[in-house]
Amino acid sequence: MTGHSDPQGETQDREESRDGDDPQDRESSLPEGAPRELLIVDDDQRFCDRLARAMERRGFTVQTAYSVADGLALARRLAPSYAVVDLRLEDGSGLEVVQSLREAREDARIIVLTGYGNIATAVAAVKVGATDYLPKPADADQVEAALLERGEALPPPPCNPMSADRVRWEHIQRVYEQCDRNVSETARRLRMHRRTLQRILAKYAPRN
């Protein structure tokens, strides 16, 4: 694994394990003999390294990158079978890395991480090659489940799902982005008064 480890992060790993289950004792749920190369791209180095250690304990061989440039280089060189990519990176968009990963390996499982305010961008990531997306913060159990999901069962419900107001706001934002931020066209498609839409767009997203 590339990147830097820190004792405090190790301690936090142990504290975050569920129901007293030691992550080091957890058996991998990867199919036997399946490729286990995983690339994690996130500019939050502490989060990236902590997730990398947790995924290594789950049977993955992990490489990390903290930028679009490094992510692109590793994607082309390694062509990993699994990847986790943050959409917002300091030097650009994770969409570039997603596209490069898909070009390097058609059957790669690529999960993108996004804040709630970037759902429209996450949908765009799926269009260019991502398998699915997870809202941040996501823990190692959620990441592993998303990477290994083959459509055979629904994922477990979120612990803190978005409120109805938040879902409505996200939907409006998504249509607004799809209409190239054209307020009039967005209002027409949503069947809303233009001024009502402008007031909604001017507000911050609901917290819950």
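A brief structural summary.

What counts, and at which threshold
- Residues numbered from 1 in each chain as written.
- Predicted model: local features only at pLDDT ≥ 70, side-chain atom pairs only at ≥ 80, totals over all residues.
- Heavy atoms only, no water.
- Pairing = 2+ DSSP bridges.
- Helix = DSSP H or I, 4+ residues; strand = E, 2+ residues; numbered from the N terminus.
- Axes fitted to C-alpha atoms, helices over the stretch in contact; angles between N-to-C directions.
- Contact = heavy atoms within 4.5 Å.
- Patch = residues over 30% accessible without salt bridge, like charges linked within 9 Å, V, L, I, M, F, W, Y side chains within 5 Å.
- Areas by Shrake-Rupley, 256 points an atom, 1.4 Å probe, with all protein chains shown as cover.
- Salt bridge = Lys/Arg side-chain N within 4 Å of Asp/Glu carboxyl O.
- Lys, Arg positive; Asp, Glu negative; His and termini not counted.
- Charge placed at Lys NZ, Arg CZ, Asp CG, Glu CD.
- Buried < 20%, exposed > 50% of the residue type's maximum accessible area, 1.4 Å probe, protein only.
- Parallel < 35°, antiparallel > 145°, perpendicular 65-115°, else oblique.
- Nonpolar A, V, L, I, M, F, W, Y, C, P; charged D, E, K, R; others polar.

1. Notes on the sheet that holds strand E6 (residues 109-114)
Then step 1. Taking strand neighbours across the sheet as the criterion, the 5 strands line up as E2-E1-E3-E6-E7 in an open arrangement whose pairing is parallel. Looking at the sheet topology across the chains shown, the edges are occupied by strand E2 (61-65) and strand E7 (132-135). Averaged over all pairs of adjacent strands, the angle between strand axes in this sheet comes to 20°, irrespective of strand direction.
Then step 2. Inspection of the sheet shows strand E3 (residues 82-86) paired to E6 by 5 bridges, in the parallel sense. Of the residues in E6, the one forming a bridge with Val84 is Ile111.
Then step 3. Its contacts with the sheet place helix H3 (residues 68-78) against strand E1 (37-41) and E2, and it is angled at close to 145° to E2.

2. Thoughts on a negative patch on the surface
Then step 1. Taken together, Asp70, Glu90, Asp91 and Glu96 make up a surface patch of like negative charges.
Then step 2. Its relative accessible area of 42% is what places Glu96 among the partly exposed residues.

3. Digging into the packing of H3 against helix H4 (residues 94-104)
Then step 1. Viewed as axis vectors pointing N to C, H3 and H4 meet at an angle of 5°, and their least axial separation amounts to 9 Å. Compared by their axis directions, H3 and H4 come out roughly parallel. The segment H3 lies against H4, with Val68, Gly71, Leu72, Ala75 and Arg76 engaging Glu96, Val97, Ser100, Leu101 and Ala104.
Then step 2. Counted by class, the contact of H3 with H4 contains 6 nonpolar, 2 polar and 2 charged residues.

4. Notes on unusual backbone geometry
Then step 1. At Asp180, a position not held by glycine, the phi torsion is positive, near 55°.
Then step 2. Inspection of the secondary structure assignment puts Asp180 in the loop between helix H7 (164-178) and helix H8 (183-190).
Then step 3. Classification of Asp180 as exposed rests on a relative accessible area of 69%.
Then step 4. Residue Arg181 is not a glycine yet carries a positive backbone phi of 60°.
Then step 5. With respect to the element layout, Arg181 can be found in the loop between H7 and H8.
Then step 6. Residue classification places Arg181 among the exposed residues on the basis of a relative accessible area of 51%.

Remember that the coordinates give geometry; whether it matters functionally is a separate question.
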